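Here is how the chains run, residue by residue.
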Amino acid sequence: MNARLLPYVLILPVTLFLAVFFLYPFALVAKQAFTQGAEFTFANFRDVASHWKFPISLKNTMLLAAAVVPVQLALALLMATMVNRMKKGRDLVLYVWTIPLGISDLAAGIIWLAIFEQSGFLNSMMSGLGLVDQPVNFLSYQNPMMVFVAIALAEIWRATAIMLVILVAGIGLIPKEYYEAAEVFGASPWQRFLRVTLPLLRPSLQTALILRVVLAFEVFAVVAALGGTLFPVLMGEIYSYQFDLQNGNAAAALALIVLGISIVFTLVILRALRVPKGATI
Amino acid sequence: MAVIEIKNVAKTFGAYTALHDINLTIQDQEFMVLLGASGCGKTTLLRIIAGLETATTGEVWIGGRRVDHLPPKDRGIAMVFQNYAVFPHLTVFENIGFGLRMQKLPNDEVKRRVERTAGLMHIDQLLKRYSGELSGGQRQRVAVARALAMEPDVILMDEPLSNLDALLRMEMRAELKGVLAESNTTAIYVTHDQVEAMSMADRISVMHKGEIVQAATPLEVYRNPAAEFVAGFIGNPPMNFLPATPKGAGKWAVGGQVIDGPQKNKALNFAIRPEDLRLADSGLTARAKVVEPLGAHLLVTCDIDGALFRAVLDSDMTVKPGDTLTLAPQPDRVRWFDPDTTRAVA
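Every chain is numbered independently, its residues counted from 1 as its sequence is written. Chains carry letters and ligands carry numbers; both start at the beginning, A for chains and 1 for ligands, and go up in the order they are written. Local features in this predicted model are restricted to residues whose pLDDT is 70 or higher, and side-chain atom pairs enter the listing and the counts only when it is 80 or higher, whereas totals over whole chains, interfaces and linings include all residues. No hydrogens and no water enter the side-chain calculation; it runs on all heavy atoms of the structure.

Per an unreviewed UniProt entry, chain B goes by Carbohydrate ABC transporter ATP-binding protein, CUT1 family and derives from Paracoccus homiensis. UniProt positions are given in the numbering used here, feature names are shortened, and annotations may be inferred rather than shown by experiment. Under the Sequence similarities (unreviewed entry) heading, UniProt states for chain B: "Belongs to the ABC transporter superfamily."

Under an unreviewed UniProt entry, the name given to chain A is Carbohydrate ABC transporter membrane protein 1, CUT1 family, and the organism recorded is Paracoccus homiensis. Per UniProt, chain A carries the Subcellular location (unreviewed entry) text "Cell membrane".

Attention shifts here to the interface of chain B and chain A. On the side of chain A, 22 residues touch chain B, which itself brings 27 residues to the contact. Accessible area that two parts lose when put together, evaluated with a 1.4 Å probe and summed over both, is termed the buried area. Regarding the contact of chain B and chain A, the summed buried area is about 2,200 Å², with carbon and sulfur atoms giving 66% of it. Considering only the surface of chain B that becomes buried against chain A, P88, H89 and M102 of chain B emerge as the three largest contributors, covering 28% of it. Each reported salt bridge corresponds to a side-chain nitrogen of Lys or Arg within 4 Å of a carboxyl oxygen of Asp or Glu. Linking chain B with chain A are 1 salt bridge. Between E180 of chain A and R47 of chain B there is a salt bridge; the shortest N-O distance is 2.6 Å. For the purposes of these results, a polar contact is taken to be a pair of N or O atoms within 3.5 Å, where, inside protein, one atom must be able to donate a hydrogen and its partner to accept one; residues adjacent in sequence count only when each atom of the pair is a side-chain atom. Across the contact surface, chain B and chain A share 3 residue pairs in polar contact (both at pLDDT 80 or more). The helix and strand labels rest on DSSP assignments: H or I over at least four residues marks a helix, E over at least two residues marks a strand, and numbering proceeds from the N terminus. Among the elements of the structure, β6 (77–80), α3 (98–102) and α5 (136–149) of chain B are those that each provide at least two residues to the side of chain B that touches chain A. Residue contacts follow a heavy-atom distance rule, with two residues in contact if any of their heavy atoms lie within 4.5 Å.

With that settled, the discussion passes to the pairing of strand β11 (residues 240–246) of chain B. Within a regular beta strand, the side chains point alternately toward one face of the sheet and then the other, so they alternate between its two faces. All names here are of chain B. Where β11 and strand β14 (residues 268–272) come together, 5 bridges link them in antiparallel fashion. By the bridge assignment for β14, P243 is matched with N269. Here, a strand pair is defined by DSSP locating no fewer than two bridges between the strands. In terms of strand pairing, β11 meets strand β12 (residues 251–254) through 3 bridges, oriented antiparallel. In the strand pairing of β12, A244 is matched with V254. Between β11 and the antiparallel strand that follows it, β12, lie 4 residues; G248 among them carries a positive phi value of about 85°.

Aromatic ring pairs: the centre-centre distance and the angle between the two ring planes describe each pair. All names here are of chain A. Pairing of aromatic rings covers Phe, Tyr and Trp, the last counted by its six-membered ring, and requires centre-to-centre distances within 6.5 Å; plane angles under 30 degrees mean stacked, over 60 mean edge-to-face, and any other angle means tilted. Within the structure shown, the criterion is met by 21 aromatic pairs over all chains. With 6.2 Å between their ring centres and 65° between their planes, W112 and W157 make a pair best called edge-to-face. Placement of W112 in helix α5 (residues 105–116) and of W157 in helix α7 (residues 144–172) is noted, with a sequence separation of 45 residues between them. Relative accessible area decides the class of each residue, using a 1.4 Å probe on protein chains only: under 20% of the type maximum gives buried, over 50% gives exposed, and in between gives partly exposed. What makes W157 partly exposed here is its relative accessible area of 31%. Seen from their ring centres, F148 and F231 are 5.7 Å apart, and the 55° between their planes marks the pair as tilted. Here F148 is found in helix α7, whereas its partner F231 is found in the loop between α11 (221–226) and α12 (234–244), with 83 residues between them in sequence. Pair check on accessibility: F148 and F231 agree, each one buried. Taken together, the ring pairs in this structure connect F34, F40, F42 and F45 into an aromatic cluster.

Right, let's talk about the nonpolar core for a bit. Buried Ala, Val, Leu, Ile, Met, Phe, Trp, Tyr and Cys residues that are joined via side-chain atoms within 4.5 Å together make up what is termed a nonpolar core. Formed by 134 residues in total, the largest nonpolar core has its most connected members in I62, I96, I123, L156 and M157 of chain B. Not counting residues within four places of it along the chain, the set of residues in contact with I123 of chain B comprises V92, I96, A118, Q138, R141, V142 and A145 of chain B.

So this is what it looks like as structure tokens:
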């Protein structure tokens, strides 16, 4: 086998797989988004964007991402730093912390529903302690803040570990000598974190943040389980266009809008966390 | 201005003892080299002085102040690391200024000191570069400049030249010695390279298995090794040893010859440096096995009563393997060691 050809031959199966199961369906969705009947149009986008639920679901999705991602980032950094310092039991702790990753998002939503619903753990605990006379309905339209907090908590619980895993790997790659040099030259532990860990972790932070932010825009099952229709989000709207309203064109248009938002945020993150020209990390 | 005193410092890692009861005083502005093979504890001792490692027992004093409970930054030290540890995400300027920024010095003071030390290390052209754009030698210079910029009382160096190629190492050796002498700091320098130690040190502490075997000037360590380990470790080729049996009244039988020695009545080891031997009419009878012409000298590996024995002779001698040589040791250069304690006998 020609050595120059071999790499291309090896990557061919994956390329084919992606072309058939990703690029082709994607082209179909794009076509669907830009057509009504047989003619090319932007009408689907106009319809979707002018619907009264669009601004609310966009705002909710953004708010949720804005509330959840920073907390997850901070938590993941803290957890990764702790794991990195551990000598014994490091793997065990890491496994336990990543358990939520193995649970589907719908199941995660149902777990937290079992906590917050009217006959859930939280209510039985509070009435057991005598804090409430009768069960409180946390997840009702009268408590929008509570619904938001419950969804945010479930998301944080469910998806922090994906960042953790990436950051643990990244932190492990930073040579110990940099920390010792920083310590000798007078950096406090907090300064070492800010001036050594964070800058040297930039490539991992990029990956973790992009992954997490994009996934945050796709939040669906947890919201469906905990908020139902009380808290509309973009993915929920796509679902309802496709299956409740049987409007595949509108669903495709909205999906492309979400894709556009994801691309914009990806570019912003790449730009914000770029490594200075000439620096090698 | 700082005298360093190490008092009864010991360090154990679990069941393993890295340092046994170390006592050492390093004078103000002295250049002290800790020399030893890998695993002898020299780096551990340096890290204890730096505060990167805690001694199991003992005290460290710098400039009359007990520092072993203080973090590294409060000890008045700066350090040069073996792998440089030049931060890859900072420019050369910010690397050199790192410690000054941590001390929150005003910008113009940081700039003044960075530029001065960069000039001293001849890297003022590189201040805007990142470490990835530098060669190993340049990175080494940044690491030294970063330490000098702190204007510390003490500079600690952990094998700073070991990652450089031979020619660059020789050049940096001389330059480092000059720069450090001008900076008036006390320096502790860890190395396994005896040439580095001999050429740079005011005093050398030879370490072996977690102990300081001898702390003396390079010439003293070379001429009067305190123990067989030092005699065998320093000098290339190392010192020769032959068993000696007492013949009474300061006479010793060595390799079939009778030689004057100390007044002792037990078996000793006779020792002589290969370059302190001359071809003569009377002396030790040796059979040449390997002859290596080294340009300036002739290194002859011989056999005396089955023991390995090396002689460095003038390069114009004609010696062939198999020749029988008569080697006369220079009397004032002969040393004696007690084989039981391995220590030198006066």
